[in-house]
Structures are given as C-alpha cells and as structure tokens.
Amino acid sequence: MNALTTLLERYEILLADGAVGTNLIPAGLAAGAAPEAWNLDRPEDVRALHEGFVEAGADLLVTNSFGGSGRRLHLHGLDDRVVEINARAAEIARSATAGTGRQIVIAGSVGPTGDLMAPLGPLSHEAAVAAFAEQIEGLKQGGADLAWIETMSAPEEIAAAAEAAVAAGMAYTVTASFDTAGHTMMGLAPGAFARSMRDREVPPVAFGANCGVGAADLLAAALDLVDNAGALPVIAKANAGIPHIHGETVVYSGTPALMADYVRLAVDVGARIIGGCCGTTAEHVRQMRSALDAHTRGARPDVEAIVARLGALVSPPAAGVADRPARRRRRA
Amino acid sequence: MAETEDQEIVLSELDDGELVEQMQDDLYDGLKEEIEEGVTILLGRGWAPYDVLTKSLVAGMKTVGDDFRDGILFVPEVLMAANAMKAGMAILRPLLAETGAPKIGKMVIGTVKGDIHDIGKNLVAMMMEGAGFEVINLGINTDADAFLAAIDEHKPDILGMSALLTTTMTYMKTVIEELKSRGIRDDLIVLVGGAPLNEEFGEAIGADAYCRDAAVAVETATRLVTQRAAAT
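We now turn to the structure provided with this report. (Residues numbered from 1 in each chain as written. Chains lettered and ligands numbered in written order. Predicted model: local features only at pLDDT ≥ 70, side-chain atom pairs only at ≥ 80, totals over all residues.)

1. Some words on the sheet that holds strand 10 (residues 273-276) of chain A
All names here are of chain A.
Alright, step 1. Judged by pairing direction, the sheet is parallel, and its eight strands sit side by side in the order 1-10-7-6-5-4-3-2 without closing on themselves. The open sheet terminates on both sides in strands that have one partner only, identified here as strand 1 (14-15) and strand 2 (60-62).
Alright, step 2. The pairing of strand 1 with strand 10 spans two bridges and is classified as parallel. Bridge assignment links Leu15 to a residue of strand 10, and that residue is Ile274.
Alright, step 3. Sitting on the sheet, helix 7 (residues 125-141) is in contact with strand 3 (105-110) and strand 4 (146-152), with an inclination near 155 degrees to strand 3. (Pairing = 2+ DSSP bridges. Helix = DSSP H or I, 4+ residues; strand = E, 2+ residues; numbered from the N terminus. Contact = placed C-beta atoms within 7 Å. Axes fitted to C-alpha atoms, helices over the stretch in contact; angles between N-to-C directions.)

2. Side note on the interface of chain B and chain A
Alright, step 1. Opposite the 37 residues of chain B that make contact, chain A presents 36 residues.
Alright, step 2. Every element with two or more residues in the side of chain B that touches chain A is listed here: helix 1 (2-5), helix 2 (16-28), helix 5 (75-99), helix 8 (171-181) and helix 9 (199-204) of chain B.
Alright, step 3. Here the residues of the side of chain B that touches chain A are counted per class, giving 17 nonpolar, twelve polar and eight charged. (Nonpolar A, V, L, I, M, F, W, Y, C, P; charged D, E, K, R; others polar.)

3. Comments concerning the pairing of strand 4 of chain A
Residues and elements named next belong to chain A.
Alright, step 1. The buried fraction of strand 4 amounts to seven of the seven residues, a majority that puts the element mostly inside the structure.
Alright, step 2. In this sheet, strand 4 lies alongside strand 3 in parallel orientation, the contact comprising four bridges. Residue pairing for strand 4: Ala107 is matched across the bridge by Leu146.
Alright, step 3. In this view, the connection linking strand 3 to its parallel neighbour strand 4 by way of helix 7 has right-handed handedness.
Alright, step 4. Traced from strand 4 through helix 8 (residues 155-167) to strand 5 (residues 171-176), the parallel crossover comes out right-handed. (Buried ≥ 20, exposed ≤ 12 C-beta atoms within 10 Å, placed from the backbone. Right-handed = clockwise from strand over helix to strand, strands pointing away.)

So this is what it looks like as structure tokens:
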C-alpha cells in the first residue's frame, strides 16, 4: 500500500505543505530561473525549505520538481538531466524528514508541460505520456511515494500524466487549477473533473484543487469536488491569497491567520488533504497545523459563508448564462 | 435552434447581411473552412477587404471575446475561433496590404524569460490581429535584450508581456526597469497579463495596464492607443 493511503487510513485529515517555487525566491532564485536546477546546485536550500514545513507540522511534502519534465527543462538546457533532477528532488525531500520519527509522505510534483495538446496544439498524447513517464521514472528512482500531478487544466494532459504514473507502477494524485470563472483555463468544471477521476480504470489515491486565484475560489470549487468525489479523498491546496509587489519583493495577501481559517473551512467543506500553494510559507503552515489540530469538523459552508470569511471570489462563475440570446443558426 | 438545426446552409445563397451574420456564428463555432468560404464570397461580391475584416471577422471575434471575458467560453473554444479567424486573415492580409487599409497600431508581445506558457499570449496576439493591430510575436522565454531589440527594430505602440508562473512574473518588472533606464518607457504602452497577475501587481511594476484576458487586452489596447493618438 502506498504511504498516502496508509496515512489516510490512520488520520481523518492530513496537512500538506506550502509552496516551493515562491519560497525559493527570497532564498535567491532569480526571476525566470528554473527552481528545479537547485536540486543540483543548491540542494541545501531546497532541503531547508522542506525542513521548515516538516517542523511546522506537515504530513506531506511536495518535491521541487513542478517544472521537471523534459519539455520544460529544455528551456534551461537541462532536458538531458530529467531523471537525475527528479530523483534528486525526491531524495532531498526525503532527507528533510530524517530523524522526525513521523511518517511523512513524499509527493513527487509533476506540473503541466506548458504545451497545448492535440488537436488544439502540437503535443500528441504519446509525446505527453513519454514526457511524464521520464519525469515520474526519476521521482520513483529518488524514492517518492507517489506522483503528485498538479496545477493541471486540460483533461487530455491529466489523462496522459495519470497514464504515465500507472505505467510506472506509481500511485498518483491529481489536482487542477480552477482559476477561470470556476473552471480551469481549459474549461474543465470541478464536478466533471471529479467524475472523470472516479471513472478512471486505476483511480488516483486522491484528487482535488491547487493554486488558482485564492483560497475562497479554491474552496468554492472544492464544494463541487466533494459532492462528486464518491469515496475518493479530496485535496485542497490553495494559494495564500494573491500576489502583491512591495518594492523588490512579492508578498501574498493571505496572512497565516487567513490560511488557518481556510484550513477550518476546508475541513468543513470535506477536504481530507489540506495545504497551501504559492505564497504559503512555513509560518503559514505552522498556524494551519494549530488550526487543524484544534478544529472539529463543523457544518458544511456554502459559497456565501466561504466568501464571508475568506473574501470575495476573484474569478466567479458566469452568471445568467441561460439569459443570453439564442444564436441564429448552429451547424451540426 | 431546433427547427433550423437540420437545414443545410449554403453560404453563397445568403444575402450580404445574412452571410455576415452567419459568418459571425461560424467564427463563434470555430468553423475554419466556412470562414474561408465566406470571406471569398464577400470579396467576390466586390466587398473591400477592410470591410470583410471589420464587419464579419472583427465583429464576430468581439462576441467570442465577450463570452470569453464573461466565463461562457474557455480557451479551447476561443482557440478554435481564433484559428478560423486566422484562416480568414490569411486571405485578407495581402489584399489589405495592397489597399492600404488602416492599421490601428503595432504590438510587440512575448512570454517572459523562464516561462514557456504561451497559450494566453498567443490568444492575445491572434485577437489583436483580428482587431486590426500588427503583431510581432516573440514567442516564449523572452529576455529583456530580446524585447528591446524587437522594440528598436519594429517601433511598436504597445509592448505586451505574459507570464503564467509566480516564479517568472517578476521578470516583467526587470524589462520595464530596462525600458526606463534606456529612457524609452514612455514611448510605449506596456500591457501585462497571465494567470497569477492582478491589477495592483501591474501597477506596482510600472505597466500601463493589467489585462485579465485576451478580450480585455484588445479593449485596453484600442482605448490606450486611441487616447495616445488624440493627445498628440
């Protein structure tokens, strides 16, 4: 049995970690540079970030391999080192858990390729599966417990990544980014995504939402995810608000206190793996841990209740679609 | 609508008004071949290329853009529509050049250094073209030197920058600072966009505007170029 399933059987709710990429920026990651290159060049900084999350109480670490597919590393001239970079990512995260005595899941991050898939774009299903397979092979070699497929928006790309994980014999999870009017950028709705996950021949260990445009929007999507999840656990990993620039640094609007309240709401919504994405620091995770440990699941909130506590939706679903005038003629 | 759904539509049998309306619908549905046929028919009826562009394609893309902005259409549908428009444009472009049709403005656009995401940026480029702008698309992973070289070469009215990653969006500030240090910042309208950005972020890095999506980009570009022309 994979480590995530084991922990899910032991605990009702698991706390995932915070962000990787945005937290490497204050450590010196230059704008436009590849965070994954630090697995080779500055492993101690990556380890220190993971250790911060471990100390803050995270049950699950997401590796520094979000952009670790060959199609993305190509940009940085690193596409000949895909397996090595991903293996290192998993090893570094694992090493950060040493001596804790806790069981901590090492989730091997797999982000989108950045390419449009056929027929809209140039990336064929086979090429996408091959790219994900190479990355997942590296994560597996490095000892990751599962492939953490995240920030997805296209159903075709989700299918390709899931297929690659299954072929590699890895357990997997999938989270999508619902950042456009309650859908992913490619128009995937939370409910439809949930049903597609349930219907897969080898379903994910868990699935859900990450990143996007803020905690309120993410939890609004999570309501639909939970409603359509069947028995599958739902993941919620929201950004700590939205980014603001202060002089030379980027600051996220979500305070640790707000993210703590987001955790309580996420529990009430029915999510079982809860964490933060971009902008979420170790201090956020510490307060999220305290909030989680002190919270007893309460009444399920509706969108209004979520908005009242976390702020307005940044990209609300379209209103009044049915009121639009009928189109003149439609071809078959 | 159900009662007309099964009717075969023969474009060449429609009068001009009906044909233009049908082309707007076909654009909405991303029907590339039908758009090519419609453009050819209108040209054959003696329409000026510029009128074909504005009355059928640009007007059709306006509806697509509005529904995209309002969360009714998403990227796949808009890409299909933009591809259909592009096919129409391919027929019109040489004719527009011959007839000296007015250009609204010129834009240099690129996805910033370290970022390979170009879906939204390409949509902006296509819709800007559809709205009558000349667009120089620098592709992905564009560093400050590449932006500046293109600005020197093409003398655009607008610089567009895109980023999808929270780790790359700050590079936009690097480019704007470079424009400032060369004293050319105010010669350009700088528009920025991408999923993790917001209006305040655009302001803070010194852009003229943040554009939430391609439709907003076209509206904003048109407004700012018009304002600037009126001011000079």
